[in-house]
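Each chain is listed here by its residues.
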Amino acid sequence: MTRWDYFLKRLLLMIPVLFLVMTGLFVLLRMGPIDPVAARLGPQASGAEAERMRQRLGLTRPLWEQYTEFVWEFMTLDLGQSWVVQSDRPVWEIVRNSGPVTLWLGFWAILLPLFIGIPLGMYAGLNPNSWGDYTASFGAILWLAMPNFWLCVMVLSLLRSTHGGADWPFMGWFDWYTFGPNIESIVGTPDLNFYSPPFSIDFAQLGRDIKYILPPALILGSASMAAEARIGRTAMLETANSNYIETAKAKGLRDRVIVWKHMFRNALIPLIPVITNEAFLLIGGSVIVETVFNINGIGRIFFRALVSGDMPLAGALLFLFTIVVLGLNVLQDLLYTIVDPRVGYER
């Protein structure tokens, strides 16, 4: 089976998964504990007004007809409207307004672990049983053990204490609010208006948007950073003890060539699922991080939709999350075939 035949098979396997997700969403919306009419009109809704709303939502039609229409709308990406969070507003409009902020957060939450976790793991693996190895390993385990919600509170407390007369004496020389671009608050939604077409960038605004997002991005990517450091160290140690590395040394290759051409590429293989699975952490972790840092992104809206019973909005976002996760699984397979030429697929 060729690589492209395999990808086609993977894409076809996404179809039954999507149908299972849509069926689960339909059951949750129509037969779950939340009454759609009560969610729109309130728990005291009754009588003629409730009946009119029931007819408006199509709840009086046969169940199979509701299911068919529900599946067709999702397959055509007609995700409907919000009930409660932003009443009668199309879901796609909500995603267009809130999605860029979450993408901005996710971009930095992936980039920071890549440039911090992987180099630390590689350094620890190349220098085993050294003080650098012990420090990196201990830091990774400690960082992984701290939950995101606790880290959010501690980071907010630490950064706020640097402003206007710090409570901690050793922080008096540093003020996060005035360090680099000036900001008035450490919580809130970045403006993301630093770019103007066709090719104009406001670097001062870009700096402020980066400064706003760095603390939550660092916390959101903390678990991935620690995992990449630990797995990277183990992969480098296993690769360093391989026979082909000994052969390369015997041939007289320079250490730099051995590390970057032979060891680094093979050590990346076990890191690929860790990197691609960061999207799963972003989906769940962004709910907590965006709520604590008051970022009006997709994660916070998803949480508000669940709490307020806005099931169409929550279901539509969950459907989009599923598509993203399935797409990343296919991307993971593609990266495997690029990094590891030994990967093959049987019929």
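Summary of the structure given here. Quick caveat: nothing in here was measured; it's all calculated off a predicted structure. (Residues numbered from 1 in each chain as written. Predicted model: local features only at pLDDT ≥ 70, side-chain atom pairs only at ≥ 80, totals over all residues. Heavy atoms only, no water.)

**Some details on helix α7 (residues 148-160)**
Test applied: Per the convention used, a helix needs a DSSP run of H or I reaching at least four residues, while a strand needs a run of E reaching at least two, with both numbered from the N terminus. The span you would expect from a helix comes to 1.5 Å times its residue count less one. Only protein chains enter the accessibility calculation, which uses a 1.4 Å probe; a residue whose area is less than 20% of its type maximum is buried, one above 50% is exposed, and one in between is partly exposed. The reported arc concerns the directions from the helix axis to the C-beta atoms and nothing else.
The terminal C-alpha atoms of α7 lie 18 Å apart, and with 13 residues this matches the ideal 18 Å at 1.5 Å per residue to within 8%. The set of residues buried in α7 consists of Asn148, Leu151, Cys152, Leu156 and Leu159. Each buried residue of α7 lies within a common arc of 130° when the element is viewed along its axis, so the set occupies one face.

**Some details on the environment of Glu51**
With respect to the helices, strands and loops of the structure, Glu51 is situated in helix α3 (residues 47-56). Judged by relative accessible area, which is 36%, Glu51 ranks as partly exposed. Along the sequence, Glu51 and Val21 sit 30 residues apart, while their C-alpha atoms lie 29 Å from each other.

**Quick notes on unusual backbone geometry**
In most cases, non-glycine residues show a negative phi, while peptide bonds are predominantly trans. Of note in this structure, Asp88 is not a glycine but carries a positive phi near 65°. Tracing the chain through its elements places Asp88 in the loop between α4 (63-75) and α5 (91-126). Even without glycine at this site, Leu192 takes up a positive phi of about 55°.

**Brief notes about the nonpolar core**
Rule in force here: Put simply, a nonpolar core is a bunch of buried Ala, Val, Leu, Ile, Met, Phe, Trp, Tyr and Cys residues held in one set by side-chain atoms that sit within 4.5 Å of each other. Every residue pair with non-hydrogen atoms within 4.5 Å of one another is taken to be in contact.
Membership of the largest hydrophobic core comes to 30 residues, with the highest contact counts inside it found for Phe70, Phe74, Leu79, Leu313, Leu317 and Phe319. Elements represented by at least two residues in this core include exactly α1 (3-31), α4, α5, α14 (298-308) and α15 (311-339). With near-sequence residues (within four places) excluded, Phe319 lies in contact with Leu18, Met22, Leu25, Phe74, Leu77 and Leu79.

**Thoughts on the packing of aromatic side chains**
Note on aromatic pairs: each is described by the distance of the centres and the angle between the planes. Using the following cut-off: Between rings of Phe, Tyr and Trp, where Trp is taken as its six-membered ring, a pair exists when centres lie within 6.5 Å; planes separated by under 30 degrees are stacked, by over 60 edge-to-face, and by other angles tilted. Distance and angle both matter: a charge sits over a ring if NZ of Lys or CZ of Arg is within 6 Å of the ring centre and within 35 degrees of the ring normal.
Evaluated as defined, the whole model comprises 12 aromatic pairs. Between Phe70 and Phe74, the ring centres sit 4.6 Å apart and the planes meet at 35°, which makes this aromatic pair tilted. Taken together, the residues span about one helical turn, with Phe70 and Phe74 both in helix α4 at a distance of four residues. Phe74 sits in the buried class, given a relative accessible area of 5%. Members of the aromatic cluster, each reached through a chain of ring pairs, are Phe26, Tyr67, Phe70, Phe74 and Phe319. The ring of Trp176 carries the charged tip of Lys211 above its face, separated from the ring centre by 5.2 Å.

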